[in-house]
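Structural features, examined
What follows is the residue order along each chain.
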Amino acid sequence: MDSALAHEPQAKIDRSPGEVRAAVSGRWTAEHAARIERIVADLSEQTEGRLVFDLAAVERLDTLGAWVLDRTRHELEGRGLATAVVNATPEQTILLDEIAYRGFQEVPRVAHSSFVSFLVDVGQSVAGAGRDLVGGTAFLGELVSALVRVIVHPRRFRGSAVINQLEQIAYRGVPIIVLISFLVGCIVAQQGIFQLVKFGATAFVIDLTGILVLRELAVLLTSIMVAGRSGSAFTAEIGSMKMREEIDALRVMGLDPMEVLIVPRILALVIGLPLLTFISSLAALTGGGVTAWLYGDISVDVFLSRLRAAVGLNTFLVGLIKAPFMALVIGIIATIEGLSVKGSAESLGRNVTSSVVKSIFMVIVLDGIFAMFFAALRF
Amino acid sequence: MLQTSPALTTRPQNPIIRVRGLEVGFGERTIMRDLDLDVHRGEILGFVGASGQGKSVLTRTILGLVPKRAGRIEVFGQDMDRLNAAERRAVERRWGVLFQQGALFSALTVKQNVQLPMREYLNLSPRLLDELALLKIEMVGLKPDAADKLPSELSGGMIKRAALARALALDPEILFLDEPTSGLDPIGAGEFDDLIATLQRTLGLTVFMVTHDLDSLYAVCNRIAALGEGKIIAAGSMETMLASPHPWLRSYFHGKRARAVMPGEA
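Residues numbered from 1 in each chain as written. Chains lettered and ligands numbered in written order. Predicted model: local features only at pLDDT ≥ 70, side-chain atom pairs only at ≥ 80, totals over all residues.

A common way to report how large an interface is uses the accessible area buried once the components associate. Across the boundary between the two partners, chain B contributes 29 residues, which contact 27 residues of chain A. Those elements giving two or more residues to the side of chain B that touches chain A turn out to be α5 (126-139) and α7 (186-203) of chain B. Examining the composition of the side of chain B that touches chain A, we find that 8 residues originate from one element, α5(B), more than from any other. Its residues placed into classes, the side of chain B that touches chain A shows 15 nonpolar, 9 polar and 5 charged. (Contact = placed C-beta atoms within 7 Å. Helix = DSSP H or I, 4+ residues; strand = E, 2+ residues; numbered from the N terminus. Nonpolar A, V, L, I, M, F, W, Y, C, P; charged D, E, K, R; others polar.)

This is how it looks when you write it as structure tokens:
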């Protein structure tokens, strides 16, 4: 009797006129769900009179077995047939009573065609983008008013928080930003030399690298790196504080989360990003110089004097002016995403992702707008 | 011709959980040493002890979430150390755990939470899967419309109930409850106690309940075990507890809060 077969649920059917007696045996448990369902479905199809379940030989009955028995009884009674359960132990009786059939209605699902749902998606994302724009502008207003409050009451300014954030954002970001900027400087110079050598204009690689790095590349690389490193960290920090009601705790203590958490972070970003941009420019120019020397036989003296001639103060400033605006965009997006985290861990992950994606997208869009602006000014 | 339920057919003198000579510690600190504990089939064991004495650690050690330094843990008569991965899974299938904070998967709805172990371990038709999940959700006293909610949309009491429904998903034989009534209002806690007692009767469960709630101990527990100084300082019925001379037990069961629960105490 130890074989697995011995425990299989069975039903011995005994027909007499007007009554079917099903002596069920074996384990009526969830492991044998498929078999139980089949047995009971067959039984209920073949039954025409009264159906009696005899539980005397059942080894084990769990909620699944009891549920299927009770459901079948209910269905048969719906067809006007009488049913009964006999020889149940007191425990089984309690279980059957406790389970007592409930009709679970299927929740009707509204079906849409894929074209309609595509249109709905498009509409929703356009509306979402509009909401983001309005929300961002409103947030900028709040931020400015908080800044003004801090300026009016300088004692509410949290210097140590700003310094701490500056360390996280700027100081600890230096190595990786120096490394990637150096490499990108090398790559730009190398490709420039390969193309310009065809025209015998190798020396112009210095103009190319200098202007490209100072105007565009340094600030873009730095902003993208900071969006990935610090923007995501802001969103995660503020989001998890929101989840654990820490932001509400600040509010009820009469502290403004804007002043305590957000102003120091955004200030640190606005100060830190131009500093990093400057460091990034130096690193990229060094990379370009090293490559020019290795691939183009341009000596350090020649590189420096030509660079001085090619690059004016305005070129340098164009890059640097953009940096604080990039910082503001990154900070605002990161904070808004952080504050809109809902209760679940999944929502935190989603908001961190969307914070980084939106920041990088907006940084590039802003850079394009600045390019048109400076072109119009001939700066 | 009556037949005893499977929960009662095994010899009652064989404990369903047997812990012998258990030693657990973290780093330099030893939390419990030489601890023995029996949990009998079909009982509701209330497990008490001061905060920080290691009630949760003991529970987690039995569940295999915390490594032990020495000793033996037997569940269903099987030494947990000697089981291979498949046998261990078979044991884990037969117990359900209600964590203190519920530990519902936040990305899944209540129904999906309950269905997750069913999907993993059982081969159910979609119809039965739905019906059974809704049945468990109703058995723990939740409204059917809670089934499609996410855990973040539930109140504290509803989270406990939903987590209990998930713990019951596979019709376990042992149910571990870690402070099931903490964070519930007294009425909700009372209802939860009744629910556990009803489910224990209906499903023939053995319940291992870590609790601080004196009302729960009086209302539903058949036996109480008290943990102190890394050992079981007393185990037995409420009368044994009340008669114990141990200072911590005296202040616990005869203190001001206990008197409010037990009118007989003066």
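Okay, back to it.
All names here are of chain A. Its place among the elements puts Thr291 in helix α10 (residues 257-296). On the basis of neighbour counts, which here come to 23 C-beta atoms within 10 Å, the residue Thr291 falls in the buried class. Separated by 100 residues in sequence, Thr291 and Gln191 place their C-alpha atoms 9.9 Å apart. When sequence neighbours within four positions are dropped, the list of residues in contact with Thr291 reads Cys186, Ala189 and Gln190. (Buried ≥ 20, exposed ≤ 12 C-beta atoms within 10 Å, placed from the backbone.)

Residue and element names in this part refer to chain B. Spatially, β2-β1-β4-β5 is the arrangement adopted by the 4 strands of the open sheet, whose pairing is antiparallel. Two strands bound the open sheet, and with one partner strand each, they are β2 (29-39) and β5 (78-79). In terms of strand pairing, strand β1 (residues 17-26) meets β2 through 7 bridges, oriented antiparallel. By the bridge assignment, Val19 is partnered in β2 with Leu37. Lying on the sheet, helix α2 (residues 55-62) is in contact with β1, β2 and β4 (70-75); it crosses β1 at an angle near 115°. (Pairing = 2+ DSSP bridges. Axes fitted to C-alpha atoms, helices over the stretch in contact; angles between N-to-C directions.)

So, on to α2(B). Side chains that are three or four residues apart share a direction in an α-helix, a result of its 3.6 residues per turn. Residues and elements named next belong to chain B. What α2 keeps buried is the set Lys55, Leu58, Thr59, Thr61 and Ile62. End-on, the buried residues of α2 take up no more than an arc of 160°, which puts them together on one face. Directly beyond the C-terminal end of α2, a positive phi value near 85° is found at Gly64. (Arc of directions from axis to C-beta.)

Within the secondary structure, A:Asp367 sits in helix α13 (residues 345-377). As for A:Asp367 and A:Gly319, which are separated by 48 residues in sequence, their C-alpha atoms are 9.7 Å apart.

As a further point, take the sheet that holds strand β10 (residues 231-236) of chain B. Residue and element names in this part refer to chain B. Taking strand neighbours across the sheet as the criterion, the 6 strands line up as β6-β7-β8-β3-β9-β10 in an open arrangement whose pairing is mixed. Every other strand in the sheet has two partners, leaving β6 (95-98) and β10 as the edge strands with one partner each. Here the strands of the sheet are splayed against their neighbours by 15° on average, with no regard to which way each runs. Pairing between strand β3 (residues 44-49) and strand β8 (residues 206-210): 4 bridges, direction parallel. Paired with Ile44 across the bridge in β8 is Val207.

All right, on to unusual backbone geometry then. Residue and element names in this part refer to chain B. Unlike most non-glycine residues, Glu179 shows phi in positive territory, near 45°. The phi dihedral of Glu229 falls on the positive side, at around 50°, and the residue is not glycine. Relative to the elements of secondary structure, Glu229 occurs in the loop between β9 (223-228) and β10. The exposure class of Glu229 is exposed, given the 12 C-beta atoms found within 10 Å.

The subject of this paragraph is the confidence of the model for chain B. Residue and element names in this part refer to chain B. Averaged over chain B, the pLDDT score is 82; the fraction of residues at 70 or greater is 92%. The low-confidence segment residues 1-11 (pLDDT under 50) makes 18 contacts with residues lying over four places distant or belonging to another chain. We note a pTM of 0.69 for the whole complex and an ipTM of 0.72 for its interfaces. (pLDDT = per-residue confidence, 0-100.)

With that out of the way, let us pick up the nonpolar core. Note on soluble globular proteins: their nonpolar side chains tend to be buried together. One finds B:Leu45, B:Ile137, B:Val207 and B:Met209 to be the most contacted residues of the largest nonpolar core, which totals 95 residues. When sequence neighbours within four positions are dropped, the list of residues in contact with B:Leu45 reads B:Val39, B:Val207, B:Phe208, B:Met209, B:Cys221, B:Arg223 and B:Ala225. Among the nonpolar cores identified, the runner-up in size contains 50 residues, and A:Ala218, A:Ala283, A:Ile330 and A:Leu348 belong to it. (Core = buried A, V, L, I, M, F, W, Y, C linked by C-beta atoms within 7 Å.)

Quick look at α7(B) now. Relative to the 26 Å expected for 18 residues at 1.5 Å per residue, α7(B) spans 25 Å between its end C-alpha atoms, a close match to the ideal helical length. Of all the residues in α7(B), the buried ones are B:Ala189, B:Phe192, B:Asp193, B:Ile196, B:Thr202 and B:Leu203. Those residues of α7(B) hidden inside the fold are in contact with α4 (90-99) of chain A together with α6 (156-167), β8 and α8 (214-220) of chain B. Just beyond α7(B), the residue with positive phi is B:Gly204, at close to 65°. (Expected span 1.5 Å × (residues − 1).)

With that settled, the discussion passes to the pairing of strand β3 (residues 50-61) of chain A. Residue and element names in this part refer to chain A. Pairing of strand β2 (residues 19-28) with β3, which is carried by 9 bridges, proceeds in the parallel orientation. If you follow Ser25 over to β3, its bridge partner there is Ala57. Summarising the sheet, β3 and strand β4 (residues 83-86) pair through 4 bridges and their orientation is parallel. By the bridge assignment, Val52 is partnered in β4 with Ala84.

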